[in-house]
Amino acid sequence: MTKVISIMTQKGGVGKSTLTNAIMLDWCFRDLLRTKKMPKMLLIDADAQASISRLRLRDIEFCQMDMGGKEFASLNETVQTAVKEVRAQFAALFSQLNWRYYNIFSVRPDDDGETRRRAIQLIESGEYDYVFIDMPGSLHQEGTAELFTCINFLIIPVYIGSYDIQSSLDFCGIIKGLKDTTIAEVRCVFNSYEVLKGAKFDEIERELHALTGVPFFKTRVKRTSFFSSRSYNSIVPPTYRMNLNTLEVVSMSRTTNVGELTDEIKKLVK
Ligand SMILES: Nc1ncnc2c1ncn2[C@@H]1O[C@H](COP(=O)(O)OP(=O)(O)OP(=O)(O)O)[C@@H](O)[C@H]1O
Ligand SMILES: [Mg+2]
């Protein structure tokens with residue numbers, strides 16, 4: 001049966017899209033390494049900004065760019081190198097994943113619910129093992145509630161600024177107040193964790209848990225550079241690279257501990 005997972009909160013910029021993409025890739029790649037098989041995954045990108053879809057579109061554009069053409073020639077050297085690198089990586093990824101295993105479906109806000117209905121059909125088709133939904137921050141946005149009612153596992157990313165805590169509290173309150181949902185489990189997860197401020201995080205975890213009853217994942221996703229400020233950022237973060245000769249994923253999770261979170265999520269949804 002298809003399991004629907006969403007990393008969601010009403011607060012903007014806390015890493016919903018980043019974590020969603022990182023967890024999905026991590027899950028696919030590590031299953032591939034361990035078992036030579038991957039689950040079928042779908043990302044429903046319902047975020048109005050369509051961050052992940054746009055990133056992938058740009059990747060595809062780069063993959064298709066004519067390297068002998070004017071457009072390529074007009075890019076500066078750093079970008080040209082990045083385009084070459086992305087093309088090589090993606091050629092390998094496409095041949096390996098064929099994107100069948102990590103499909104992205106974009107819900108458009110301006111089509112009278114057509115793509116939203118299609119997204120729900122995709123969930124109900126049973127074609128996928130896991131569907132992640134990158135939800136908009138507000139449940140009030142039109143059509144959001146329909147998608148929301150498909151979610152089985154809700155993961156709330158938490159930052160530690162004081163407004164963020166209030167916002168997490170409010171959001172947990174809203175979730176707990178909902179009736180007739182299909183949500184089986186709710187978890188909070190710290191994103192951008194800083195070891196030096198560990199005690200502060202402990203305190204907030206205790207407080208939030210006491211007030212809302214929502215438990216935290218043990219893993220706290222560290223503040224790391226998923227993406228590099230120096231090179232081109234494709235949808236595949238630089239932490240995931242493939243050996244282009246053997247088509248094996250060679251360097252993984254060296255700088256991020258997202259893998260540990262993925263493992264906890266896998267256990268939770270089993
Ligand atoms: N663990 C992390 N360490 C460092 N930077 C992070 C981390 N998680 C997210 N970021 C950065 O924070 C910024 C916001 O992340 P992201 O776009 O994923 O948030 P969001 O919740 O999806 O935002 P929005 O509400 O706009 O959809 C991005 O620049 C992202 O690279
Ligand atoms: Mg986002």
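Residues numbered from 1 in each chain as written. Chains lettered and ligands numbered in written order. Predicted model: local features only at pLDDT ≥ 70, side-chain atom pairs only at ≥ 80, totals over all residues.

1. Section: the overall build of the chain
Per the secondary structure count, the chain includes 9 helices and 9 strands. A total of 270 residues make up the chain; the buried ones form 33% of that total. Taking contacts inside the chain between residues at least 6 apart in sequence as the whole, the part at least 24 apart equals 76%. (Helix = DSSP H or I, 4+ residues; strand = E, 2+ residues; numbered from the N terminus. Buried ≥ 20, exposed ≤ 12 C-beta atoms within 10 Å, placed from the backbone. Contact = placed C-beta atoms within 7 Å.)

2. Describing unusual backbone geometry
With phi around 55 degrees, Asp 112 is a residue other than glycine that occupies positive phi space. In this fold, Asp 112 is placed in the loop between strand S3 (102-106) and helix H5 (114-124). By C-beta crowding, Asp 112 is classed as exposed, having 10 other C-beta atoms within 10 Å. Phi is positive for Ser 192, which is not a glycine, with a value near 60 degrees. Along the chain, Ser 192 turns up in strand S6 (residues 185-193). By C-beta crowding, Ser 192 is classed as partly exposed, having 16 other C-beta atoms within 10 Å.

3. A short note on the sheet that holds S6
Read across the sheet, 7 strands follow the order S3-S2-S4-S1-S5-S6-S7 without closing on themselves; strand pairing throughout is parallel. Looking at strand neighbours, the two that pair on one side only are S3 and strand S7 (221-222), the edges of this open sheet. Sheet topology note: the strand S1 (residues 3-7)/strand S5 (residues 153-158) ladder contains 3 bridges and is parallel. If you follow Ile 7 over to S5, its bridge partner there is Ile 155. (Pairing = 2+ DSSP bridges.)

4. Some remarks on the site of ligand 1
Inspection of the region around ligand 1 gives 18 residues, with Gly 12, Gly 15, Lys 16, Ser 17 and Thr 18 positioned closest. The element contributing the most residues to the shell around ligand 1 is helix H1 (residues 16-35), with 3 residues. Looking at the shell around ligand 1 residue by residue, the classes come out as 4 nonpolar, 11 polar and 3 charged. (Near = placed C-beta within 6 Å. Nonpolar A, V, L, I, M, F, W, Y, C, P; charged D, E, K, R; others polar.)

5. As for the pairing of strand S2 (residues 41-45)
Among the 5 residues in S2, 5 count as buried, and that is most of the element. Across 5 bridges, S2 lies against S3 in parallel orientation. Paired with Asp 45 across the bridge in S3 is Ser 106. Here S2 runs beside strand S4 (residues 130-134); their pairing, made up of 5 bridges, is parallel. In the strand pairing of S4, Ile 44 is matched with Ile 133.

6. Things to note about the nonpolar core
Among the nonpolar cores identified, the biggest contains 50 residues, and Met 24, Met 41, Val 131 and Ile 133 are the most heavily contacted of them. Among the elements that line this core, the one with the most residues is H1, at 8 residues. (Core = buried A, V, L, I, M, F, W, Y, C linked by C-beta atoms within 7 Å.)

7. Things to note about helix H8 (residues 198-212)
Under the 1.5 Å per step criterion, the end-to-end length of H8 is 21 Å for 15 residues, consistent within 8% with the ideal 21 Å. In the segment just after H8, Gly 213 is the residue with positive phi, at about 80 degrees. (Expected span 1.5 Å × (residues − 1).)

8. Remarks on the pairing of S5
Of all 6 residues in S5, 6 are buried, a share of seventy percent or more. A two-sided burial pattern is seen for S5, the buried positions comprising Phe 153, Ile 155 and Pro 157 on one face and Leu 154, Ile 156 and Val 158 on the other. Bridging between S5 and S6 involves 6 bridges; their strand directions are parallel. Counted as the bridge partner of Pro 157 is Val 189 from S6.

9. Digging into the environment of Arg 220
Mapping Arg 220 onto the fold places it in the loop between H8 and S7. Classification of Arg 220 as buried rests on a count of 21 C-beta atoms within 10 Å. If we skip the residues at most four places from it in the chain, Arg 220 touches Phe 190, Tyr 193 and Phe 201.

10. Focus: helix H9 (residues 258-269)
Over its 12 residues, H9 extends 17 Å from the first C-alpha to the last, a length consistent with the 16 Å expected when each residue adds 1.5 Å. Turning to H9, its buried residues number three or more, namely Val 258, Leu 261, Thr 262 and Ile 265. Each buried residue of H9 sits inside an arc of 105 degrees when the element is viewed along its axis, so together they form one side. (Arc of directions from axis to C-beta.)

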